[in-house]
Amino acid sequence: RDAAEFIALGSGAVQVCTAAMLHGFRIVEDMKDGLARWMDQHGHRSLQAFRGQAVGHTTDWKYLDINYKSVAQIDQQACIGCGRCHIACEDTSHQAIASTLKADGTHAYSVIEDECVGCNLCQITCPVENCIEMVAQDTGKPYLNWTQDPRNPYREAS
Ligand code: SF4
Ligand code: SF4
């Protein structure tokens, strides 16, 4: 998936380090299989067929909506209780995932919505596909980007 995303953004080559260190060079075969399967599903016959296609959908960060908010949501049925999301959020994000000791000695993990900033670190850390979903919130606030933000001393006049 990472390779497909980089190529869609125009990459001519991708590289990997940590996964090969952890799993050995054979992991590259799995990556090639995964990329080939994804290309088949989407009808791409070559890398060139989708290279750069996503570029038109990107924008400068200053035009992103400052009022957009999303919150992580954990599917408790899918969760295997590994705790990776909790550690990631606790140590390097916003301490927004609570850990609760259950009667059987395992832990349950839940998002403290008021603390969540929507960084999606927990989602990319979770080993279970689709276990953590980022859910868009209705803030009732209008679109506002950094060029318009009153906190920006260089904002453009409206
Ligand atoms: S999205 Fe970020 S802040 Fe929110 S729970 Fe996940 S890691 Fe924590
Ligand atoms: S990382 Fe995913 S599977 Fe692990 S505890 Fe968090 S939500 Fe559950």
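Residues numbered from 1 in each chain as written. Chains lettered and ligands numbered in written order. Predicted model: local features only at pLDDT ≥ 70, side-chain atom pairs only at ≥ 80, totals over all residues. Heavy atoms only, no water.

**Concerning the side chain of Asn-145**
So, step 1. Mapped onto the secondary structure, Asn-145 falls in the segment after β4 (132-137).
So, step 2. Of the polar contacts made by the side chain of Asn-145, one reaches the side chain of Tyr-143; its length is 3.0 Å.
So, step 3. Not counting the four nearest positions on each side in its chain, Asn-145 is found in contact with Lys-62, Tyr-63, Leu-64 and Ile-66. (Helix = DSSP H or I, 4+ residues; strand = E, 2+ residues; numbered from the N terminus. Polar contact = N/O pair within 3.5 Å; in protein donor to acceptor, adjacent residues only side chain to side chain. Contact = heavy atoms within 4.5 Å.)

**Remarks on helix α4 (residues 84-92)**
Each α-helix turn comprises 3.6 residues. Residues three or four places apart therefore point the same way.
So, step 1. Those residues of α4 that fall on the buried side of the exposure criterion are Cys-85, His-86, Ala-88 and Cys-89.
So, step 2. The elements touched by buried residues of α4 are β1 (69-74), β2 (97-101), β3 (107-111), α5 (121-125) and β4. (Buried < 20%, exposed > 50% of the residue type's maximum accessible area, 1.4 Å probe, protein only.)

**Quick word on the pattern of salt bridges**
So, step 1. Evaluated as defined, the whole model comprises 3 salt bridges.
So, step 2. Salt-bridge contacts for Asp-149 lead to Arg-151; the nearest nitrogen and oxygen are separated by 2.6 Å.
So, step 3. You can call Asp-149 buried: its relative accessible area is 2%. (Salt bridge = Lys/Arg side-chain N within 4 Å of Asp/Glu carboxyl O.)

**Some remarks on the site of ligand 1**
So, step 1. Close to ligand 1 lie 13 residues, the nearest being Cys-89, Cys-116, Cys-119, Asn-120 and Cys-122.
So, step 2. The class makeup of the residues in the shell around ligand 1 is 10 nonpolar, 3 polar and no charged. (Near = heavy atom within 4 Å. Nonpolar A, V, L, I, M, F, W, Y, C, P; charged D, E, K, R; others polar.)

**Comments concerning the site of ligand 2**
So, step 1. Residues in contact with ligand 2 amount to 14 residues; listed here are only the nearest, Cys-79, Cys-82, Gly-83, Cys-85 and Cys-126.
So, step 2. Here the shell around ligand 2 is built from residues that sort into 11 nonpolar, 2 polar and 1 charged.

**A look at the packing of aromatic side chains**
So, step 1. The tally for this structure, following the rule as stated, stands at 2 aromatic pairs.
So, step 2. Judged by centre distance (5.0 Å) and plane angle (65 degrees), the ring pair of Trp-38 and Phe-50 falls under edge-to-face. You can see Trp-38 sitting in helix α3 (residues 27-41) and its partner Phe-50 sitting in the loop between α3 and β1, a full 12 residues away along the chain.
So, step 3. The exposure class assigned to Phe-50 is buried, which follows from its relative accessible area of 1%.
So, step 4. Arranged with centres 6.4 Å apart and planes meeting at 35 degrees, the rings of Trp-61 and Trp-146 form a pair that is tilted. Of this pair, Trp-61 sits in the loop between α3 and β1 while Trp-146 is found in the segment after β4, placing the two residues 85 residues apart along the sequence.
So, step 5. Residue classification places Trp-61 among the exposed positions, given a relative accessible area of 56%. (Phe/Tyr/Trp six-rings, centres within 6.5 Å; stacked < 30°, edge-to-face > 60°.)

**Quick look at unusual backbone geometry**
So, step 1. The residue Asn-120 is not glycine, and still its phi comes out positive at about 65 degrees.
So, step 2. With respect to the helices and strands, Asn-120 occurs in the loop between β3 and α5.
So, step 3. By relative accessible area, which is 28% here, Asn-120 ends up partly exposed.
So, step 4. In this structure, Asn-130 is a non-glycine residue whose phi angle is positive, near 65 degrees.
So, step 5. Considering the arrangement of structural elements, one finds Asn-130 in the loop between α5 and β4.

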